[in-house]
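Topology and contacts: notes
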Amino acid sequence: DFNVLSNGWDVLSRNLARIYGLTMNMLAYSKQRKPEFQMTSLPALFEEVVQLVQPQCDKRNVALMTEIDPDMPPIPADPGGLHQTIVNLLNNAMDAVEPVSGIVTLRCGYDPITQQATIVVSDNGEGIDAQALNHIFQPFYSTKGQRGAGLGLAVSKKVIDEHGGRIEVKSTPGQGTTFTIVLSCESTADPSETTA
């Protein structure tokens, strides 16, 4: 029966995606390697991320909104690490929202005065309470119960620290959560030297 096969493939593909994501996060967290920095176009990188995440949003009936400055200059970055970081944040946002009413937003802009790029991932989901916020970046800490391994945000923090940037989170229970990443765009800087 075609419907049985189709449903079976949907279940298999979802579980394969979960296993792949968990494996990538485990590798990213455990690897002691120096990130490979190169001048990276964030709009091009985020286009790849959106192409990867959009089908999952469509399946969950969640709206994915993007506001990305197409004219921002390339920045020194490890594209693989940044890709994993934004995918992690978007996956968390998708898990936090309800079907139909859920909205996940990815924004990215550039400030020529400070020479910084700001990346924002926000959702209109259930939010995170203040106590959980204090532990959100700790490895193996998860607000998802058995559904979460607690590595995604720890990996994201590790990657941003390696870039010499900062990642912050603000959340209001019942209203949503916003993650903000700030990265230097100065090509003369070596982010790896400021790793925490």
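In case you missed it, the structure is sitting above this.
Throughout this document, residue positions are counted from 1 along each chain, in the order its sequence is written. It should be noted that, the model being predicted, local features are given only for residues of pLDDT at least 70 and side-chain atom pairs only at 80 or more, the latter also being counted only at that level, while totals for whole chains, interfaces and linings use all residues. Note that water and hydrogens are dropped before the side-chain values are worked out from all heavy atoms of the structure.

Bringing the packing of aromatic side chains into the picture now. Any two rings among Phe, Tyr and Trp, with Trp reduced to its six-membered ring, count as a pair given centres within 6.5 Å; such a pair is stacked if its planes are under 30 degrees apart, edge-to-face if over 60, and tilted if neither. As enumerated under the stated definition, the model contains 1 aromatic pair in all. A ring pair is formed by Phe137 and Phe179, whose centres lie 6.3 Å apart and whose planes are at 75°; its orientation type is edge-to-face. In this pair, Phe137 sits in the loop between helix H4 (130–133) and helix H5 (152–162) while Phe179 sits in strand E7 (residues 176–184), placing the two residues 42 residues apart along the sequence. Here Phe137 and Phe179 have matching classes, each one buried. By the criteria applied, helices consist of DSSP H or I runs no shorter than four residues and strands consist of E runs no shorter than two, each listed in order from the N terminus. Between buried and exposed lies partly exposed: a residue is buried under 20% and exposed over 50% of the maximum accessible area for its type, with that area taken using a 1.4 Å probe on protein chains only.

In this section: the pairing of strand E4 (residues 103–111). In terms of strand pairing, strand E2 (residues 63–68) meets E4 through 6 bridges, oriented parallel. In the sheet register, Met65 faces E4, and the bridge partner there is Thr105. Pairing between strands is defined by DSSP: at least two bridges between the two strands are required. Where E4 lies against strand E5 (residues 116–123), 8 bridges are found, and the strand directions are antiparallel. Opposite Val104, over in E5, you have Asp123 as the bridge partner. Linkage of E4 to E5, two consecutive antiparallel strands, is achieved through a turn of 4 residues, within which Gln115 is found at a positive phi near 55°.

To continue, consider the environment of Thr105. Here Thr105 lies in strand E4. By relative accessible area, Thr105 is classed as buried at 11%. Residue contacts follow a heavy-atom distance rule, with two residues in contact if any of their heavy atoms lie within 4.5 Å. Residue contacts for Thr105: discarding those within four places in its chain leaves Met65, Glu67, Val120, Val121 and Ser122.

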